[in-house]
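Chain by chain, the residues run as shown.
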Amino acid sequence: MCEASLCDNHLRVHSKSPEHVLCDPTTSLKDRKCSIHKKILEYYCTEDSTCICVSCRLDGEHRGHQVETLEEASEMKKKKLRNVLQKLMTEREEMEKRVQSLQERRRKVQGKADDETKRVTALFRDLRRRLEDLEKRVLRDISGWAERVSRPMLDYIRDLEIKKEELSRKMRDIEELCNMTDPLTVLQESDTGDLCDTEDGDDEDRERHENLLHDGGDGDVGGISHTLHTGLSDI
């Protein structure tokens, strides 16, 4: 490379010479000169890993060192770089394979998780439905049990209310007689025998009362509890 500015006329002379090989300039000419001898850098000292000129090689501090031409050193460095590049490419391909295998594994895991989510969701949906059905059935049994136990109680309460009214009427009539001051009127009052009669069914009423108090339908409650626990076990 000529150190002079390469105008078109100057470049034409170099182009016509078969000994001159032209290439695009990549660095300034001052960077291609030895900073000590101001000569073109032509060699590469392998011991010091630096570019040197001919004077550095013959008379300078690099005298006796192992040197190579710039082309040889450059090709050697390129060869090492290509080896490094090949190694890096291999490592990158291996990493890509690892990434792909992990992504595939992650997709499988996510697919399995989705399937399990659907299965568990359906399972609990079925459990909720069966629990709701069992709840309705047990509550219906409880309501029916309460109705069966309460009905005779209500009937007996209604009978007792009627008898209470009858007793209250007799009490009022007796009190009126007791408050009279005329003995003749008291003695001549008709139907007093009915007022003095007491019910003959007291024993029967007490027995009926005791039976209703102590007959709570425990058998039915036990059946309801059995239904509940059996249903839960089935679920």
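Residues numbered from 1 in each chain as written. Predicted model: local features only at pLDDT ≥ 70, side-chain atom pairs only at ≥ 80, totals over all residues. Heavy atoms only, no water.

Trainee: Looking at this structure, how should I read the sheet that holds strand β2 (residues 50-52)?
Mentor: Hydrogen bonds along the backbone pair up the strands of a sheet, which may run parallel or antiparallel. Strand order in the open sheet formed by three strands is β2-β1-β3, and the pairing between neighbours is antiparallel. Pairing within the sheet leaves two strands with one partner each, and these edge strands are β2 and β3 (67-69). Strand-to-strand, the axes of this sheet are offset by a mean angle of 35°, without reference to chain direction. Two elements, strand β1 (residues 43-45) and β3, share three bridges in a ladder whose sense is antiparallel. By the bridge assignment, Y44 is partnered in β3 with E68. On the sheet, helix α3 (residues 70-179) packs against β1, β2 and β3 and is oriented at approximately 95° with respect to β3. (Pairing = 2+ DSSP bridges. Helix = DSSP H or I, 4+ residues; strand = E, 2+ residues; numbered from the N terminus. Axes fitted to C-alpha atoms, helices over the stretch in contact; angles between N-to-C directions. Contact = heavy atoms within 4.5 Å.)

Trainee: Teacher, can you tell me more about the nonpolar core here?
Mentor: Nonpolar side chains in soluble globular proteins tend to end up buried together. By size, the foremost hydrophobic cluster in this structure holds eight residues: C34, L41, Y43, C45, I52, C53, C56 and V67. With residues near it in sequence (within four places) discarded, I52 still touches L41, E42, Y43, Y44, C45, R57, H62 and V67. (Core = buried A, V, L, I, M, F, W, Y, C linked by side-chain atoms within 4.5 Å. Buried < 20%, exposed > 50% of the residue type's maximum accessible area, 1.4 Å probe, protein only.)

Trainee: Would you mind going over the packing of α3 against helix α6 (residues 202-214) with me for this structure?
Mentor: How two helices pack is summed up by the angle between their axes together with the distance between the axes. At a closest axis distance of 11 Å, the pairing of α3 and α6 adopts a crossing angle of 145°. Considering the relative orientation of α3 and α6, their crossing is left-handed. Facing P152, M153, D155, Y156, D159 and K163 of α3, the residues of α6 in contact are D205, R208, H209 and L212. Among the residues forming the contact of α3 with α6, the class breakdown is four nonpolar, one polar and five charged. (Left-handed = near helix turned anticlockwise from the far one by under 90°. Nonpolar A, V, L, I, M, F, W, Y, C, P; charged D, E, K, R; others polar.)

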